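One-letter residues, chain by chain:
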Amino acid sequence: MIVANEDRRQEGSSSRGDIDRTALGALINIAGRQRMLSHRAVMFLALSQMPDGQADDLLVSAGEALASFEAGVRLLLHGDPEQAIPPLFSDRVRALLSGRIEGHGRGAEVLASFGARGAACLQRLKAGEGSCGGEIRALADLAGAVLLPLLNGIVAAFEQDLAEALRAEAERAADIRLVMTGALDDIEQTATRIRLIAFNALIEAARAGDSGRAFSVIAEEIKNLGAQTREESAKMQAAMARLFAA
């Protein structure tokens, strides 16, 4: 049973939409893989005790699984700038790792304890210092009854964070589209007014006869400007349609 930490932050963060989606996807995969690695390590440790002459190879496999598990724990807790994974930033996951698991301590301590105990058992077996059978059974119980629910909770928490990030991104995209649509409407209205001004100016130039020729040239330029404005507006609308359709 996981007891929530008393200073747990309110679920969800105002910066959730700023969390990198790629990092969240990687963390979901890492946390999910941790479930397999913990069981894999215990399985190889247990099989190494079978009298079939393959103990050395099995202990190597157990060591690889434990090393990968511990590397995954470091990524979850501290991130990795080379992989663009920031240090622990999820309020939900932080709460799970700082919350107490009845009879076992805090979540982060449980993760670290499994790796340390597994490594100690592995070293004893490599050195031939006993069967380590009782510790292997304890590690199996820890992996199945404690680590599995904890890691399932971490995966679910990161998935919630990702869902919120995607939702926030969609909301920002909708806001941007609204602003762009309003701007294009303003441009279209301006182009329409320019066209009307040019049309009226041409009429007045025609009424003025020869004395209105210079005015007529200016009116024609205004008319062309309006046409160019409408063309640019159409291009922007097409570009926006492609952008939001992608």
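Residues numbered from 1 in each chain as written. Predicted model: local features only at pLDDT ≥ 70, side-chain atom pairs only at ≥ 80, totals over all residues. Heavy atoms only, no water.

A. Quick peek at the overall build of the protein chain. When you go through the protein chain residue by residue, the secondary structure sums to six helices and three strands. The secondary structure elements of the protein chain, listed N-terminal to C-terminal, are β-α-α-α-β-β-α-α-α. For the protein chain, the residues scored as buried account for 34% of the 246 residues in total. Partitioning the intrachain contacts of the protein chain with sequence separation of at least 6 by distance along the chain shows that 75% fall at a separation of at least 24. Element-wise, carbon and sulfur atoms account for 56% of the exposed surface of the protein chain, whose accessible area totals about 14200 Å². (Helix = DSSP H or I, 4+ residues; strand = E, 2+ residues; numbered from the N terminus. Buried < 20%, exposed > 50% of the residue type's maximum accessible area, 1.4 Å probe, protein only. Contact = heavy atoms within 4.5 Å. Areas by Shrake-Rupley, 256 points an atom, 1.4 Å probe, with all protein chains shown as cover.)

B. Structural view of the environment of L147. Along the chain, the position of L147 falls in helix α5 (residues 133-208). For L147, a relative accessible area of 0% puts it in the buried group. Note: C-alpha distance between L147 and H39 (108 residues apart in sequence) is 9.7 Å. In contact with L147, not counting residues within four places along its chain, are S38, F69, V110, L111, F114 and L142.

C. Expanded view of the packing of helix α2 (residues 55-78) against helix α4 (residues 107-126). As a packed pair, α2 and α4 sit with axes 10 Å apart at the nearest point and diverge in direction by 160°. Considering their axes alone, α2 and α4 lie roughly antiparallel with respect to each other. Here the hand of the crossing between α2 and α4 comes out left-handed. Across from L59, A62, G63, L66, F69, E70, V73 and L77 in α2, the residues of α4 making contact are A108, L111, F114, G115, A116, G118, A119, L122, L125 and K126. Here the residues of the contact of α2 with α4 are counted per class, giving 13 nonpolar, three polar and two charged. (Axes fitted to C-alpha atoms, helices over the stretch in contact; angles between N-to-C directions. Parallel < 35°, antiparallel > 145°, perpendicular 65-115°, else oblique. Left-handed = near helix turned anticlockwise from the far one by under 90°. Nonpolar A, V, L, I, M, F, W, Y, C, P; charged D, E, K, R; others polar.)

D. Just unusual backbone geometry, in detail. Even without being a glycine, A84 presents a positive backbone phi close to 60°. The residue A84 is located in the loop between α2 and α3 (91-98) in this model. By relative accessible area, A84 is classed as exposed at 52%.

E. Main features of α2. For α2, spanning 24 residues, the distance from its first C-alpha to its last is 34 Å, which sits close to the expected 34 Å at 1.5 Å a residue. The complete set of buried residues in α2 reads L58, L59, A62, G63, A65, L66, F69, G72, V73, L75 and L76. G79 lies just past α2 and shows a positive phi near 70°. (Expected span 1.5 Å × (residues − 1).)

F. Expanded view of the nonpolar core. Counting residues in each nonpolar core, the largest one holds 46 residues, and the members touching the most others are L45, L111, F114, I154 and F158. Of all elements in the fold, only α1 (21-47), α2, α3, α4 and α5 reach the threshold of two or more residues within this core. If you tally residues by element for this core, the top one is α5, at 14 residues. Once residues lying within four places of it in the same chain are set aside, the contact partners of L45 are L59, A62, G118, C121, L122, L125, I136 and L139. (Core = buried A, V, L, I, M, F, W, Y, C linked by side-chain atoms within 4.5 Å.)

G. Representation of the state of the cysteines in the model. In this structure the tally under the stated criterion is one disulfide. Between C121 and C132 runs a disulfide, and the two sulfur atoms are separated by 2.2 Å. One end of the pair, C121, is in helix α4; the other, C132, is in the loop between α4 and α5, with 11 residues separating them in the sequence. (Disulfide = S-S within 2.5 Å.)

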